[in-house]
Amino acid sequence: MRRLIILILGLLAGTRLAAGEAALAGRIEDRTYVASGGLYRVPIPVLPELGGTVSDTANVVTFADNFTTYLSIASFPLDAAQLREDAARGRKDYLTNFFTALVLPDFLQRFPGARVENPRFLPTQNDGALLLYLLLPGGTMFKDRAARLSLDPAKSAVAKRGNLLFVRGDRVFVLSTELAERVLEPTTYNKTSAEEDEILRQRLLALLAKIEFRGMPVTAARK
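In short, a report on the structure. (Residues numbered from 1 in each chain as written. Predicted model: local features only at pLDDT ≥ 70, side-chain atom pairs only at ≥ 80, totals over all residues. Heavy atoms only, no water.)

Considerations on the environment of arginine 171
- Topologically, arginine 171 is positioned in strand 10 (residues 171-178).
- The class for arginine 171 is buried, based on a relative accessible area of 16%.
- When the C-alpha positions of arginine 171 and leucine 83 are compared, they lie 8.9 Å apart, and in sequence the two are 88 residues distant.
- A polar contact is formed between the side chain of arginine 171 and the side chain of serine 75, at a distance of 3.0 Å. (Helix = DSSP H or I, 4+ residues; strand = E, 2+ residues; numbered from the N terminus. Buried < 20%, exposed > 50% of the residue type's maximum accessible area, 1.4 Å probe, protein only. Polar contact = N/O pair within 3.5 Å; in protein donor to acceptor, adjacent residues only side chain to side chain.)

Following this line, the structure appears as C-alpha cells:
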C-alpha cells in the first residue's frame, strides 16, 4: 500500500504537466473521462484550446491547464484488513490516520515545511469524508508562472491545496486541487485563510458532485 501511494503521489506532486496527449490507462468518451476499469466517469474540466491536459495511471487522473486549473482524483484499493480497520476505528479516525500515516509523509519529503491546516470531518458526505488543506512551500503546480510573477523570484511560493478523502466501495478516494490564485496573483491576492478554505471546499464538492461512480456504493462505517 505504501509503495502504491508513493507512486500515485509522484504524479500528484510532480512537475507541471506538459501540453499534448499521451496514452491513457482510462479513456475519453466525448468530453468525459472514464477511469481505468470503469470505476467512475467525470466530465473533463479543462479544454485543449486552453492548454488543458489529461494524464493518468490505473489509480490517478490529473487535469491541468495553462490558467488556474489543477485537479486530481486518486483511488487507493483497500484489502480486507484495511476495510476491517475502517469499521473498527470509525470513518473519521480511519481517514485521518490514512492521510497522516500514508499520504502526508511523501509531501513532507518532497516539500520540507509542508503542514496540514484546518482538518474537518463531514459526517453526512459519502457517509463520512475528511476535508483538509495542505500548505506546501515550493509546491505549486504553476511554478514557472509563479516565479515570473513573484515580487521576489528567489522566494518560493507557498502553495495551498484542498484535499477531500472518502471511502467508496473498497477504495479510498482523494480529490485534490490547488488554489492557483494564491501564487499567480502576488500583488492583488488578499484572501483570508478561512476564505481560501471555503473556495477550496466548494471546488472539491463541485468536483465530487460531477463524478459518476459505477458499481461502487457508498461504504457505511461507524463515525
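Description of the pairing of strand 6 (residues 70-77)
- Of all eight residues making up strand 6, seven are buried, and the element is well covered by its neighbours.
- For strand 5 (residues 60-64) and strand 6, the ladder comprises five bridges, and the chain directions are antiparallel. If you follow threonine 62 over to strand 6, its bridge partner there is serine 72.
- Counting the residues that bridge the hairpin from strand 5 to strand 6 gives five residues.
- Relative to strand 10, strand 6 runs antiparallel, the two sharing seven bridges. Residue pairing in the sheet places serine 75 in a bridge with phenylalanine 173 of strand 10. (Pairing = 2+ DSSP bridges.)

Considerations on unusual backbone geometry
- You will see that asparagine 118, though not glycine, has its phi angle at about 50 degrees, which is positive.
- Given the relative accessible area of 40%, asparagine 118 is considered partly exposed.
- For aspartate 127, which is not glycine, the phi dihedral falls at a positive 60 degrees.
- Residue position: aspartate 127 is located in the loop between strand 7 (115-122) and strand 8 (129-137).
- Of the residues examined, aspartate 127 reaches a relative accessible area of 21% and is grouped as partly exposed.

Points about the nonpolar core
- Counting residues in hydrophobic clusters, the biggest one holds 28 residues, and the most contacted among them are Tyr33, Tyr40, Phe63, Ile73, Leu164 and Leu175.
- Elements that contribute at least two residues to this core include exactly strand 3 (40-43), strand 5, strand 6, strand 8, strand 9 (158-168), strand 10 and helix 6 (193-210).
- Top element by residues in this core is helix 6. It accounts for four residues.
- Residues in contact with isoleucine 73, not counting those within four places in the same chain, are Tyr40, Val42, Asn59, Val60, Val61, Phe63, Phe173, Val174, Leu175, Leu207 and Ile211.
- Phe98, Phe107, Leu134 and Ala159 belong to the second-largest nonpolar core, a separate cluster that totals 23 residues. (Core = buried A, V, L, I, M, F, W, Y, C linked by side-chain atoms within 4.5 Å. Contact = heavy atoms within 4.5 Å.)

Side note on helix 3 (residues 91-110)
- With 20 residues, helix 3 ought to run about 28 Å at 1.5 Å a step, and its terminal C-alpha atoms sit 28 Å apart, in line with that.
- Leucine 104 marks where helix 3 bends most, by close to 45 degrees; the proline proline 105 follows one to four residues later.
- Burial in helix 3 covers these residues: Arg91, Tyr94, Leu95, Phe98, Phe99, Leu102, Val103, Leu104, Asp106 and Phe107. (Expected span 1.5 Å × (residues − 1). Bend = angle between axes of the 7 residues up to and from the residue.)

Quick word on the environment of glutamate 29
- Looking at the element boundaries, glutamate 29 is found in strand 1 (residues 27-29).
- Note on glutamate 29: relative accessible area 28%, which makes it partly exposed.
- Sequence spacing of glutamate 29 and proline 43 is 14 residues, and the spatial spacing of their C-alpha atoms is 9.4 Å.
- With sequence-adjacent residues up to four places away left out, glutamate 29 is seen in contact with Val34 and Arg41.

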